[in-house]
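# Coordinate inspection notes
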Amino acid sequence: MPIYVYWGEDDFAIEKAVALVRDRVLDPQWTSFNYTSFPSEQADAAIQGLNQVMTPAFGAGGRLVWLINNTLCQHCPDNVLAELVRTLPLIPENSFLLLTNRNKPDERLKSTKLLKQFATEFREFPLIPPWKTELLVQSVNQVALAVGVKLTPKTAQLLAESVGNDTRLLYNEIEKLRLYAEGSNKPLDVATVTQLVRNTTQNSLQLAAAIRTGDTAKSLGTLAELINASEPGLRIVLTLIGQFRTWLWVKIMIESGEHNQQAIASAADVGNPKRIYFLQQEVKFLSVEQLISCLPLLLELEISLKQGASEMPVLQTKVIELCQICRGS
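Here, residues in each chain are numbered from 1, in the same order as that chain's written sequence. Restriction of local features to residues with pLDDT of at least 70 applies here, the model being predicted, together with a cutoff of 80 or more for giving and counting side-chain atom pairs; totals for whole chains, interfaces and linings are based on all residues. Computation of side-chain values covers all heavy atoms of the structure but excludes hydrogens and water.

Among the secondary structure elements, Ile-91 is positioned in the loop between α4 (78–87) and β4 (95–101). Remark: exposure states derive from per-residue accessible area (1.4 Å probe, protein chains only) relative to the maximum for the residue type, with buried under 20%, exposed over 50%, and partly exposed in between. A residue is classified by how much of its surface remains accessible, and Ile-91, at 7% relative accessible area, is buried. Taking the C-alpha atoms as reference, Ile-91 lies 6.7 Å from Val-53; in sequence the two are 38 residues apart. Runs of E in the DSSP output that reach at least two residues are strands. Runs of H or I that reach at least four are helices, and both are numbered from the N terminus.

Next up, the structure:
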């Protein structure tokens, strides 16, 4: 059936997927007749969208109806569910229904089950966790290949460290590199990428590393640079939580006597077992108790930020406390 359901936190990736659907479905000369979008704020957006998608396309191409930030997979009133049951099996072959939302669909809802049954594509667009560096490097290489930029393993790693999981920024930086390297078949070197790509000095993983060593001055300096670069406080905290959880699992597995890197990687949710050696070195001088003590502080920090606490002061306070724990003082 001509139904697409997209969700996830990677807004830019969803935008690109939506653009692909638009280009595939619509004829440019008939777009004004056959393309309609309904924002969630609009009254009865779902009902209007379902009525609109039942209208056959005019002229060439197909019809596309986009329900933006819809909540049909999170909350669906009975009247809307009844309309879904009536409409979905009867959508004309050349009409397409597109639903997008940041939140994960509730698999228990009848509306979700119904959409999943009829959807051509039911797809999540998640942000890669910033601490999963191997996946970030993989993403960099995929985008570089798609755009036509040649990278070395070192430049791919540098790009991953620089842009993190910001897909929009990654495409922008790769496009900049493509323009710079136009006409050259040589892979870009580290010096060139360092000069051209923004945010190559500090990221949240470097903050985690500074905290791990108990270096308060460096940690606060890195934090200040992140905030000055407009890095959201919650994103910083989520990265720290993920990194400390990974370190904790690695340390627990080591102290339990496990030596198999594959087993440790599986327990710590690390995609590349070869990375375990480096993680082992990172937690060498930390105890399980220290790592466990860090997690409640990070969770307190996350809650404080979500409750509207002043970002910089609360981040600084918790970073100092975390450094004290890691330093053993």
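For the rest of this paragraph, the subject is the sheet that holds strand β5 (residues 121–124). Strand order across the open sheet formed by 5 strands is β2-β3-β4-β1-β5, with parallel pairing between neighbours. Edge positions in the open sheet fall to β2 (35–39) and β5, since each of these has one partner strand only. Strand-to-strand, the axes of this sheet are offset by a mean angle of 10°, without reference to chain direction. Note on contacts: a residue pair qualifies if any of its non-hydrogen atoms lie within 4.5 Å across the two residues. Lines fitted to the C-alpha atoms define the axes, with helices restricted to the stretch that makes contact. Angles between their N-to-C directions range from 0 to 180 degrees. Packed on one face of the sheet, helix α1 (residues 11–25) meets β1 (3–7), β2, β3 (63–68) and β4 and runs near 165° to β1. Strand contacts of helix α3 (residues 45–53): β2, β3 and β4, with the helix running at about 170° to β3, the strand carrying the most contacts. Two strands pair if DSSP finds at least two bridges between them.

Once that is clear, we can look at the pattern of salt bridges. Every case where a carboxyl oxygen of Asp or Glu lies within 4 Å of a side-chain nitrogen of Lys or Arg is listed as a salt bridge. Scanning the model with the defined rule gives 14 salt bridges in all. Arg-108 is the partner of Asp-106 in a salt bridge, and the nearest nitrogen-oxygen pair spans 3.0 Å. Owing to a relative accessible area of 69%, Arg-108 belongs among the exposed residues under this scheme. One connected set of salt bridges, linked through shared partners, spans Glu-175, Arg-178 and Glu-182.

Stacked, edge-to-face and tilted are the three classes for Phe, Tyr and Trp ring pairs, Trp counted by its six-membered ring, which pair at centre distances within 6.5 Å; planes under 30 degrees apart are stacked, over 60 edge-to-face, the rest tilted. Following the criterion strictly, the structure yields 9 aromatic pairs and no others. With 5.2 Å between their ring centres and 80° between their planes, Tyr-6 and Phe-125 make a pair best called edge-to-face. Placement of Tyr-6 in strand β1 and of Phe-125 in the loop between β5 and α6 (133–147) is noted, with a sequence separation of 119 residues between them. On the basis of relative accessibility, which here comes to 3%, the residue Tyr-6 falls in the buried class. Judged by relative accessible area, Phe-125 falls into the buried class, the value being 6%. Ring centres 5.5 Å apart and planes at 50° place the aromatic pair Trp-30 and Phe-33 in the tilted group. Classification of Trp-30 as partly exposed rests on a relative accessible area of 29%. By way of ring pairs, the aromatic residues Tyr-4, Tyr-6, Phe-96 and Phe-125 are connected into one cluster. Sitting over a ring, as applied to charges here, requires NZ of Lys or CZ of Arg to be within 6 Å of the ring centre and within 35 degrees of the ring normal. The ring of Tyr-171 carries Lys-16 above its face, with NZ or CZ at 4.4 Å from the centroid.

You will see that Asn-69, though not glycine, has its phi angle at about 50°, which is positive. Checked against the element boundaries, Asn-69 lands in the loop between β3 and α4. You will see that Asp-269, though not glycine, has its phi angle at about 60°, which is positive. Relative to the helices and strands, Asp-269 is located in the loop between α13 (261–268) and α14 (276–282).

Below, the discussion takes up the nonpolar core. Throughout, nonpolar core names a set of buried Ala, Val, Leu, Ile, Met, Phe, Trp, Tyr and Cys residues whose side chains join them through atoms within 4.5 Å. Residues Ile-211 and Phe-244 are the most contacted members of the largest nonpolar core, which totals 36 residues. Only α10 (204–212), α11 (216–228), α12 (233–255), α13, α14, α15 (288–306) and α16 (311–327) provide two or more residues apiece to this core. Here the element with the most residues in this core is α12; it accounts for 9 residues. If sequence neighbours within four positions are ignored, Phe-244 has contacts with Ile-211, Leu-291, Cys-294, Leu-295, Leu-298 and Cys-326. Judged by nonpolar contacts, the second largest core, of 25 residues, contains Leu-81, Ile-91, Leu-99 and Leu-114.

Right, let's get into helix α5 (residues 110–118). Of the residues making up α5, those classed as buried are Ser-111, Thr-112, Leu-114, Leu-115 and Phe-118. What you see down the axis of α5 is that its buried residues fit within an arc of 165°, all on one side. Turned more than 90 degrees from where α5 packs its buried face, Lys-110, Lys-113 and Gln-117 sit exposed. Lining the buried residues of α5 we find β1, α4, β4 and β5. Arc definition: directions from the helix axis to the C-beta atoms.

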